[in-house]
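Here's the letter readout for the chains.
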Amino acid sequence: FFSALQRKLATGDATMWDFTHGLGTNAITRQADIGSIFTWIICLFGINNIKYTIVIVHIIKVLLSGIVCYYYLDCFKASNKVKIVVSYVFAFNGFTMLWGQHYFFGTACTVICFMLLAVEKCLVSKKGYLLLAFATFIAAFNSYYYAYMILIVTAVYALFRLIATHSFKEKGKCLKKIGLMFGAVFLGIGMASCLFLPA
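Residues numbered from 1 in each chain as written. Predicted model: local features only at pLDDT ≥ 70, side-chain atom pairs only at ≥ 80, totals over all residues. Heavy atoms only, no water.

Description of the nonpolar core
Going by this rule: Among buried residues, the Ala, Val, Leu, Ile, Met, Phe, Trp, Tyr and Cys ones that are joined through side-chain atoms within 4.5 Å form a nonpolar core. Working definition: with a 1.4 Å probe on protein chains only, accessible area under 20% of the residue-type maximum means buried, over 50% means exposed, and in between means partly exposed. Each helix is a run of H or I in the DSSP string that is no shorter than four residues. Each strand is a run of E no shorter than two, and both are numbered from the N terminus. By the convention used here, residues are in contact when the closest approach between their heavy atoms is within 4.5 Å.
Residues Tyr72, Met115, Val119, Leu132 and Met181 are the most contacted members of the largest nonpolar core, which totals 35 residues. Here the element with the most residues in this core is helix H7 (residues 105–124); it accounts for twelve residues. With near-sequence residues (within four places) excluded, Leu132 lies in contact with Met115, Ala118, Val119, Cys122, Met181, Ala184 and Val185.

Below is the structure:
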């Protein structure tokens with residue numbers, strides 16, 4: 001797919017149908033590839049360097065997932081040593097390392113951690129809602145297939161975190177935060193719809 005996409009970019013071929021896979025596939029339905037910033041990084045370095053850039057991009061994904069996990073853990077009262085160890089374990093988890101060979105699966109680990117980080121920021125700051133909208137945009141733009149699973153996990157997580165951080169008397173405040181979070185998620189989905197709706 002990467003070489004086919006690079007050929008399309010080099011020749012200016014704007015056709016949506018690609019015959020490099022069997023009888024062909026609609027290029028827009030490969031949203032998990034087209035919507036990923038990592039695909040475009042691979043395409044920057046040319047067809048001859050694909051085998052090297054795939055490895056480099058996967059290393060970037062591992063580093064990013066560790067960094068995002070560290071900032072997520074920074075939302076809790078934990079020692080620096082604990083945050084580093086847990087981030088390291090998360091960065092090298094089996095899903096990223098073994099399923100990363102499918103190129104976009106490793107991205108899902110970083111995106112889900114980014115979503116949880118955004119939820120934590122929503123609990124303490126109004127700027128967190130913008131971060132949640134941006135994280136939702138990245139999830140939905142990257143892959144609608146993973147986005148709905150990531151959003152279900154995020155919704156359950158957000159609900160439990162709201163219950164844990166608010167007393168029963170603060171149900172009005174809690175409902176307001178739920179409404180704002182839903183608004184942020186819908187904004188993120190709306191921004192990403194330019195790619196996933198045609199797909």
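What about the pattern of salt bridges?
For the record, the criterion: One side-chain nitrogen of Lys or Arg within 4 Å of one carboxyl oxygen of Asp or Glu is enough to make a salt bridge.
Overall, the coordinates contain two salt bridges when judged by the stated rule. For the salt bridge of Lys83 with Asp74, the shortest nitrogen-to-oxygen distance reads 2.6 Å. Here Glu120 ties to Arg161 by a salt bridge, and the two come within 2.6 Å at their closest N and O atoms. One end of the pair, Glu120, is in helix H7; the other, Arg161, is in helix H9 (residues 144–165), and 41 residues separate them in sequence. Across the pair, exposure class does not vary: Glu120 and Arg161 are buried alike.

Things to note about helix H4 (residues 50–73)
To keep things clear, this is the line we draw: Multiplying 1.5 Å by the helix residue count minus one yields the expected span of that helix.
Helix length check: H4, at 24 residues, gives a terminal C-alpha distance of 34 Å against a target of 34 Å (1.5 Å per residue), a fit within 8%. Listed in full, the buried residues belonging to H4 are Ile50, Thr53, Val57, His58, Lys61, Val62, Ser65, Gly66, Val68, Cys69, Tyr72 and Leu73.

Here we look at the packing of H7 against H9
In plain terms, the rule: Structural elements are reduced to axes, namely lines fitted to C-alpha atoms, with helices fitted over the stretch in contact, and the angle between N-to-C directions of any two is expressed from 0 to 180 degrees. Should an angle fall under 35 degrees it is taken as roughly parallel, and over 145 as roughly antiparallel, whereas 65 to 115 is taken as roughly perpendicular and any remaining angle as oblique. Handedness of each helix crossing follows the sense of rotation of the near helix against the far helix: counterclockwise by less than a right angle gives left-handed, clockwise gives right-handed. As a working rule, the residues Ala, Val, Leu, Ile, Met, Phe, Trp, Tyr, Cys and Pro are called nonpolar, Asp, Glu, Lys and Arg charged, and the rest polar, with Gly in that last group.
For the pair H7 and H9, interaxial distance at closest approach is 10 Å and the crossing angle is 30 degrees. In terms of their interaxial angle, H7 and H9 are classed as roughly parallel. Considering the relative orientation of H7 and H9, their crossing is right-handed. In this structure, H7 uses Phe105, Ala108, Val111, Ile112, Met115, Leu116, Val119, Glu120 and Leu123 to contact H9, whose residues at the interface are Tyr146, Ile150, Leu151, Val153, Thr154, Tyr157, Ala158, Arg161, Leu162 and Thr165. Grouping the constituent residues of the contact of H7 with H9 by class yields 15 nonpolar, two polar and two charged.

Some words on the packing of aromatic side chains
Selection rule: Centre distance within 6.5 Å is the pairing criterion for rings of Phe, Tyr and Trp, where only the six-membered ring of Trp is used; planes under 30 degrees apart are then read as stacked, over 60 as edge-to-face, and the remainder as tilted.
Summed over all chains, the structure comprises ten aromatic pairs. Summarising the aromatic geometry, the rings of Phe114 and Phe134 are spaced 6.1 Å apart at their centres and angled 85 degrees between planes, so their arrangement reads as edge-to-face. With Phe114 in helix H7 and Phe134 in helix H8 (residues 127–142), this residue pair connects regions lying 20 residues apart in the sequence. Classification of Phe114 as buried rests on a relative accessible area of 14%. For Phe134, a relative accessible area of 43% puts it in the partly exposed group.

Details of the confidence of the model for the protein chain
In plain terms, the rule: A score between 0 and 100, pLDDT records how confident the predictor is in each residue.
Averaged over every residue, the pLDDT of the protein chain is 83; residues scoring 70 or more account for 84%. Here helix H2 (residues 31–34) is the element of the protein chain with the lowest mean pLDDT, 65, and helix H5 (residues 80–91) is the one with the highest, 93.

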